[in-house]
There are 2 protein chains.
Amino acid sequence: MSGLEFLFHPRSIAVVGVPSNPENMQGGTFFMDALMKFGYRGNLYPVNPRASEILGLKAYPDLMSVPKPLDYVICCLPASLTPQLVKDCTAKGVRAVCIYTAGFSEESAEGRRLEQKLVSLARQGGVRIIGPNCLGIYSPSTHLSYSPLYSKEAGRVGLLCQSGGISSELAQLASHRGIRFSKVISYGNAADLDEADFIEYLAQDVETTTIAAYVEGTKDGTRFLRTLAKAAAVKPVIILKGGRTDGGAKAAASHTGALAGSREKWDILFQQLGVMQVHSLKELLDLVLAFQYIKPPRGKRVGIIGGGGGASVVATDACENAGLSVPAFSNELRHDLERLISKTGNITSNPIDCFAAVGNRSLLLQIAKLVADSKEVDLLIMQVSIIGVYPVESKSLVEWLEAIIEASRLVNLPMAVVPSNGDLPASSGLYFKLHQRCLQAGLAVYPNLSDAAQAIGRFVHYHAWMYDKRASSRPKRLSS
Amino acid sequence: MSGLEFLFHPRSIAVVGVPSNPENMQGGTFFMDALMKFGYRGNLYPVNPRASEILGLKAYPDLMSVPKPLDYVICCLPASLTPQLVKDCTAKGVRAVCIYTAGFSEESAEGRRLEQKLVSLARQGGVRIIGPNCLGIYSPSTHLSYSPLYSKEAGRVGLLCQSGGISSELAQLASHRGIRFSKVISYGNAADLDEADFIEYLAQDVETTTIAAYVEGTKDGTRFLRTLAKAAAVKPVIILKGGRTDGGAKAAASHTGALAGSREKWDILFQQLGVMQVHSLKELLDLVLAFQYIKPPRGKRVGIIGGGGGASVVATDACENAGLSVPAFSNELRHDLERLISKTGNITSNPIDCFAAVGNRSLLLQIAKLVADSKEVDLLIMQVSIIGVYPVESKSLVEWLEAIIEASRLVNLPMAVVPSNGDLPASSGLYFKLHQRCLQAGLAVYPNLSDAAQAIGRFVHYHAWMYDKRASSRPKRLSS
């Protein structure tokens, strides 16, 4: 078991600094409420010197009074009381303390000194600190969470996040996108355990196949990069670097006390290491989704099926701008397609504009099979237009989607589905339904073509990079 | 009145090629249905040689039998019958014919010859052609539409669109975003009336303040650019150029027979002319929205209020990457803010992370007023997080939005609202509600910060460009 495995499987938790009145939704109450609603199965102890019972659980005046061993402590005390708490953790044999409390290095020089004091106390006493100024651990397999709203289902994505708010946004957005997490760590100011520790842990964690990170800064750039390099060599690593701009770096310093570092330096280093850099939460999730749902394609040639004429043109531009290619079909394939689809009002090249085929299951299956058998493309993007010039019946779209799912099983090519314009009041209900059905069938869904192209372009590029890397390392191994 | 004004105000319309059975939802039925549902107030004549009544209206065997003058004809006949129809239009004194029929220059050399024949017949006879392979005109002020789904309210955006499908997507997406159109033209193969004609018309149209265009190609690049230059000098012109990539250009040729031209050439020319190029429908609408809802700012300094710490860092990066600046506040302003907001757990610089203030109306008003009075920023972006770490009450978010609207009236700075993460099943209902309320209050809404930053960055850049252009042209005028 890796050095940090214990963080994700605490057998008991104390939350310190829980108001005696549960109506007071301060940090302590939030954490207790989240753990209880999330069904945490270990022992849970609220700590408050002036209460005997909180939220139906026996409360304790301090850590030392808790009758059983404690693995994990969540600290919601004011900053001034945290040094004593770390001492208590040490005395009680606690393995890790998550310090939710803010007001440390992100706020002032005095706060920075206090933070350093916590670290030296912790290191002396053998307790590890997550934070301060963070939310800690979300580990679905052990029903450990800092919000009742996250998915209880465990998955394969490990996320480290310097911002608690962003970790929470990502957890909820990801859940809707069909992405599930092995572990999420909100680690704030990174006073003790830091980005390098968590990357190192996730790189060797067998439950994690993709690593995603939101990082504002690092105190030890050399170690961080060494760890990233090792991680990127074995798993896809996707990073959103906060504080890339001058203004962003200042905001990061105010947020987590992070030293954001030079943008150009990070850009080059990430690229050299094969770390995929993204610039928004949406882009991060789009890319994670590709790694979780799309089979690695053999090349970058995309076949696009199902959009109208203009949508096909814009889709092609989006794909080729993202480094993919949308090759024109051979005359042979076009002739075969023209036996199925009339040329008039349709397009029988790539993209295939086959409005006539929408709702015609067997026609779609024949088209998909012809395209797949031709070996002229490496992956397929299926466009589904939820709004049309004329009202579209939701029943026929649902049937059309079933035909697409059937086609995906028939052709055995990597595939993504793009049900566009699902973000209108009149279309969102149907969008959510189609989206859910695709995820059930194991198909990646993107809400629009430009986002899909962007993510799939990166995904294809990653596999090409890994392939080249492995190919270039082979002769060396033979000669050594 | 401009040369093309008549296109948008036909007093009578004949739809030629309407199936006698209205269950047969072919083109002719679609157009009739759209015009009737949209409440077209002029005379409407279905034409079919084998029917006496269609959809409750008297049908005529041909154009010549229609008893009254005809301004506008919509042709849904097979391609082979279109030359005779154009002759009939000429004989009947029709001013314009929209040819919905496909199968012309986009399909084959033969189709190209037929298309040329139509043009020469039309020019001889004094009738103008829209299309072929298009949907024609949506002119809300005259209740003329090719879909029953579009807004009946007229607005200030003129849109020309080489793709009917894209015009339809844009019409519906725009309507939801609070964007209303003066005129929309779907013009397909542009055999007679072309992109230059429509740009020229919209440039002088008093009902149009912003021009948006989806163009795949042009047959007369010199004239198109001359027209664009004139238009861009008087109104913002936003263009989505289809067929920018190799694959996209091939798709465009199959779609509308367009010669897409060199990407580099267009990029440079658009930039020189001050034409704003976008790369997706979403980007187009985001930018149009800015021109319709945000007052021109005096500079590029943005104040951001309301996000969490991480969201503030990412927002700042997005803004500065888009050419805006998010300046740190002066010590003076920070001290004033610290009298209102605790430093611990909040950020009192720019962006202001004031989670504590959410739901506190008077605190928001005080913060907004301090920031506005300081003159340290030129515009404001208000972040509203619809999902949080803990469940958010929709009532308190609605009240918070009312406070934001009140603040927008108090401070008199250009402003946009970003209610993020409204695209989840659990949040979309509330998002649509908040969104609608903002639009009613005249506030621009963006669904996420990166899209908002992108659009506002372009918008601010446009105003700076126009300012420089006017400034540099003044001395010349004085000296001439």
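Residues numbered from 1 in each chain as written. Chains lettered and ligands numbered in written order. Predicted model: local features only at pLDDT ≥ 70, side-chain atom pairs only at ≥ 80, totals over all residues. Heavy atoms only, no water.

Caption draft 1: Expanded view of the relation of the copies chain A and chain B. In the superposition of chain A on chain B (RMSD 0.0 Å, axial shift 0.0 Å), the rotation amounts to 180°. In symmetry terms, the pair is related by a two-fold rotation axis. For chain A, the smallest separation between a C-alpha atom and the rotation axis is recorded for Asp423 of chain A, amounting to 3.6 Å. Residue by residue, 100% of the interface of chain A is reproduced at the interface of chain B, so both copies engage with the same surface. (Least-squares fit on C-alpha atoms with pLDDT ≥ 70 in both. Contact = heavy atoms within 4.5 Å.)

Caption draft 2: Structural view of empty space enclosed by the protein. For the structure on display, the rule yields four cavities of 30 Å³ or more. Its boundaries defined by the atoms lining it, the largest cavity holds a volume of some 60 Å³. Leu240, Lys241, Arg244, Val278 and His279 of chain A together with Val314, Asp317, Ala318 and Asn321 of chain B are the residues that line the largest cavity. The greatest single-element share of the lining of the largest cavity, amounting to four residues, is contributed by helix α10 (residues 309-321) of chain B. Partitioned by chemical class, the residues of the lining of the largest cavity number four nonpolar, two polar and three charged. (1 Å grid on protein atoms, 1.4 Å probe; cavity = no way out; pocket = protein on both sides within 12 Å on 5 of 7 lines; lining within 4 Å. Points joined across faces, edges and corners; volume = space filled by probe spheres on them. Helix = DSSP H or I, 4+ residues; strand = E, 2+ residues; numbered from the N terminus. Nonpolar A, V, L, I, M, F, W, Y, C, P; charged D, E, K, R; others polar.)

Caption draft 3: Region of the structure containing the pairing of strand β2 (residues 43-47) of chain B. Residues and elements named next belong to chain B. Of all five residues that make up β2, four are buried, and the element is covered over most of its length. For strand β1 (residues 12-16) and β2, the ladder comprises five bridges, and the chain directions are parallel. Counted as the bridge partner of Ala14 is Tyr45 from β2. With helix α1 (residues 27-37) bridging β1 and its parallel neighbour β2, the resulting β-α-β unit is right-handed. (Buried < 20%, exposed > 50% of the residue type's maximum accessible area, 1.4 Å probe, protein only. Pairing = 2+ DSSP bridges. Right-handed = clockwise from strand over helix to strand, strands pointing away.)

Caption draft 4: Molecular detail of the confidence of the model for chain A. Looking at chain A, the pLDDT average stands at 93 and 97% of residues meet or exceed 70. Interface scoring of the predicted complex returns ipTM 0.93; its pTM is 0.94. (pLDDT = per-residue confidence, 0-100.)

Caption draft 5: Just the state of the cysteines, in detail. Residues and elements named next belong to chain A. Per the stated rule, a full pass over the model turns up zero disulfides over all chains. Take Cys76: it sits in no disulfide, and the sulfur closest to it among the cysteines is that of Cys75, at 6.5 Å. A relative accessible area of 16% means that Cys76 is categorised as buried. (Disulfide = S-S within 2.5 Å.)

Caption draft 6: Just the pattern of salt bridges, in detail. Taken as a whole and judged by the stated rule, the model has 40 salt bridges over all chains. Across the pair Asp267 of chain A and Arg244 of chain A runs a salt bridge whose closest N-O atoms are separated by 2.5 Å. Here the residue Asp267 of chain A occupies a position in helix α8 (residues 263-273), and Arg244 of chain A occupies one in the loop between β12 (237-241) and α7 (246-256), the gap between them amounting to 23 residues. Classification of Asp267 of chain A as partly exposed rests on a relative accessible area of 24%. By relative accessible area, Arg244 of chain A is classed as buried at 10%. Linking Glu153 of chain B and Arg180 of chain B is a salt bridge whose minimum nitrogen-to-oxygen distance equals 3.6 Å. On the criterion of sequence distance, the pair formed by Glu153 of chain B in the loop between β8 (136-138) and β9 (157-161) and Arg180 of chain B in the loop between α4 (164-177) and β10 (181-186) is long-range, its members being 27 residues apart. Overall, Glu153 of chain B belongs to the partly exposed group, its relative accessible area being 49%. (Salt bridge = Lys/Arg side-chain N within 4 Å of Asp/Glu carboxyl O.)

Caption draft 7: The arrangement of the interface of chain A and chain B in detail. The partner chain B presents 69 residues to the 69 residues of chain A that form the contact. Buried surface at the junction of chain A and chain B, both sides included, amounts to about 5,200 Å², of which 63% is carbon and sulfur. The tally of links between chain A and chain B comes to zero salt bridges. Where chain A touches chain B, the interface holds 18 residue pairs in polar contact (both at pLDDT 80 or more). Listing elements by their share of the side of chain A that touches chain B, those giving two or more residues are α1 (27-38), α4 (164-177), β12, α7, α10 (309-321), α14 (428-440) and α15 (449-479) of chain A. Broken down by class, the residue content of the side of chain A that touches chain B amounts to 28 nonpolar, 27 polar and 14 charged. (Buried area = accessible area lost by both parts, 1.4 Å probe. Polar contact = N/O pair within 3.5 Å; in protein donor to acceptor, adjacent residues only side chain to side chain.)

Caption draft 8: Here's a closer look at the nonpolar core. Leu7, Val15, Ile130 and Tyr446 of chain B are the most contacted members of the largest nonpolar core, which totals 111 residues. Per-element tally for this core: the top contributor is helix α15 (residues 449-479) of chain B, with nine residues. The contact partners of Val15 of chain B, leaving out residues within four places of it in the chain, are Gly28, Phe31, Met32, Leu35, Leu44, Tyr45, Pro46, Val47, Ile74 and Cys76 of chain B. Core analysis: the next-biggest nonpolar cluster, separate from the first, contains 109 residues, Leu44, Ile74, Leu281 and Ile294 of chain A among them. (Core = buried A, V, L, I, M, F, W, Y, C linked by side-chain atoms within 4.5 Å.)

Caption draft 9: Geometry of the sheet that holds strand β16 (residues 415-420) of chain B. Residue and element names in this part refer to chain B. Taken in spatial order, the four strands line up as β14-β15-β16-β17 in an open sheet, and their pairing is parallel. Both outer strands of the open sheet, β14 (302-305) and β17 (444-445), are each paired with one neighbouring strand and no more. As judged from the six bridges shared by strand β15 (residues 379-385) and β16, these two strands associate in the parallel manner. Opposite Gln383, over in β16, you have Val418 as the bridge partner.

Caption draft 10: Spatial organisation of the packing of α7 of chain A against α10 of chain B. Interhelical geometry of α7 of chain A versus α10 of chain B gives an angle of 170° and a closest axis separation of 7 Å. The orientation of α7 of chain A with respect to α10 of chain B, classified from their angle, is roughly antiparallel. Together, Asp246, Gly247, Gly248, Ala251, Ala252 and His255 of chain A of α7 of chain A and Gly309, Gly310, Val313, Thr316, Asp317 and Glu320 of chain B of α10 of chain B make up the contact between the two elements. Its residues assigned to classes, the contact of α7 of chain A with α10 of chain B comprises three nonpolar, six polar and three charged. (Axes fitted to C-alpha atoms, helices over the stretch in contact; angles between N-to-C directions. Parallel < 35°, antiparallel > 145°, perpendicular 65-115°, else oblique.)

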